[in-house]
Amino acid sequence: RTMVLSDHALRVLTFAAGPDRLATNQKLVDAHNVFESHVMKVVPGLTAGLVETAHGGGGGLRLGREASRIRVAAVLRFVGEEFDLVACFRDDDTC
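What you see is a predicted model, and the numbers here were worked out from it, not measured in a lab.

Trainee: I keep staring at the overall build of the protein chain and nothing clicks. Help me out?
Mentor: Helix and strand counts for the protein chain come out as 4 helices and 2 strands. Along the chain direction, N to C, the helices and strands of the protein chain fall in the order α-α-α-β-β-α. The buried share of the protein chain, reckoned over its 95 residues, is 32%. Considering only contacts within the protein chain whose residues lie at least 6 apart along the sequence, 56% involve residues at least 24 apart. For the protein chain, the accessible surface area stands at approximately 6300 Å², while carbon and sulfur atoms represent 51% of it.

Trainee: I keep staring at the layout of surface pockets and nothing clicks. Help me out?
Mentor: Over the atoms, a rolling probe the size of a water molecule traces out where space has been left empty. Each pocket or cavity is described by its volume, and for the largest pocket that value is around 190 Å³. Going through the elements one at a time, α3 (36-46), β1 (51-54) and β2 (60-63) are the ones with two or more residues in the lining of the largest pocket. Counting residues per element, the lining of the largest pocket draws most heavily on α3, which supplies 4 residues. Split into classes, the residues belonging to the lining of the largest pocket amount to 7 nonpolar, 6 polar and no charged.

Trainee: Can you walk me through empty space enclosed by the protein in this structure?
Mentor: Applying the stated rule across the entire model yields 1 cavity of 30 Å³ or more. The computed volume of the largest cavity comes to approximately 50 Å³. If you go around the largest cavity, the residues you meet are H8, R11, V12, L28, H32, V34 and V39. Listing elements by their share of the lining of the largest cavity, those giving two or more residues are α1 (4-16) and α2 (25-32). With 3 residues, the top contributor of residues to the lining of the largest cavity is α1. Of the residues assigned to the lining of the largest cavity, the class counts are 4 nonpolar, 2 polar and 1 charged.

Trainee: For this particular structure, what's the right way to read the confidence of the model for the protein chain?
Mentor: Regions with low pLDDT should not have their predicted coordinates read in detail. The pLDDT averaged across the protein chain works out to 81; a share of 81% of its residues lies at or above 70. Averaged pLDDT values over the elements of the protein chain bottom out at 81 in helix α4 (residues 72-79) and peak at 90 in β2.

Trainee: What is the right way to look at the packing of α1 against α2 in this model?
Mentor: The packing of two helices is summarised by the inter-axis angle and the distance between the axes. Close contact between α1 and α2 brings their axes to 10 Å; oriented N to C, the two are set at 105°. Considered as vectors, α1 and α2 are oriented roughly perpendicular to each other. Across from R11, V12 and F15 in α1, the residues of α2 making contact are K27, L28, A31 and H32. When its residues are assigned to classes, the contact of α1 with α2 shows 4 nonpolar, 1 polar and 2 charged.

Trainee: Explain the pattern of salt bridges to me, please; I cannot follow it from the model alone.
Mentor: When the charged atoms of two side chains with opposite charge come close together, those side chains can pair. According to the stated counting rule, one finds 2 salt bridges in the structure shown. Residues D7 and R11 are paired through a salt bridge, measuring 2.9 Å at the closest nitrogen-oxygen approach. Here D7 pairs with R11, and both are found in helix α1, just 4 residues apart, close to one helical turn. Residue classification places D7 among the partly exposed residues on the basis of a relative accessible area of 31%. R11 gets classed as partly exposed once you look at its relative accessible area, which sits at 32%. A salt bridge links E52 to R62; the nearest nitrogen and oxygen atoms lie 3.9 Å apart. Here R62 lies in strand β2 and E52 lies in strand β1, a separation of 10 residues in the sequence.

Scoring rules and cut-offs
Residues numbered from 1 in each chain as written. Predicted model: local features only at pLDDT ≥ 70, side-chain atom pairs only at ≥ 80, totals over all residues. Heavy atoms only, no water. Helix = DSSP H or I, 4+ residues; strand = E, 2+ residues; numbered from the N terminus. Buried < 20%, exposed > 50% of the residue type's maximum accessible area, 1.4 Å probe, protein only. Contact = heavy atoms within 4.5 Å. Areas by Shrake-Rupley, 256 points an atom, 1.4 Å probe, with all protein chains shown as cover. 1 Å grid on protein atoms, 1.4 Å probe; cavity = no way out; pocket = protein on both sides within 12 Å on 5 of 7 lines; lining within 4 Å. Points joined across faces, edges and corners; volume = space filled by probe spheres on them. Nonpolar A, V, L, I, M, F, W, Y, C, P; charged D, E, K, R; others polar. pLDDT = per-residue confidence, 0-100. Axes fitted to C-alpha atoms, helices over the stretch in contact; angles between N-to-C directions. Parallel < 35°, antiparallel > 145°, perpendicular 65-115°, else oblique. Salt bridge = Lys/Arg side-chain N within 4 Å of Asp/Glu carboxyl O.

Next comes the structure, spelled out in structure tokens:
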């Protein structure tokens, strides 16, 4: 199953991790060929610790911490998607 929000969140973070990048929604849309509505859906979740935003004419977003300190599991939590890595994590106890 594809986790669309997680995919877009990882794309946003990857783009924002570039050197001296201040990513705008339009730059993200153009770079990854995604809908702006999808970008706008994941960014608020990421602003809770993974990215910083700057408002105004020269605004955009950038990483809020070093890229090496960002874990995929944290990204999934921030965008609100959960998944079962193995069957044992499911509620139906199918181990």
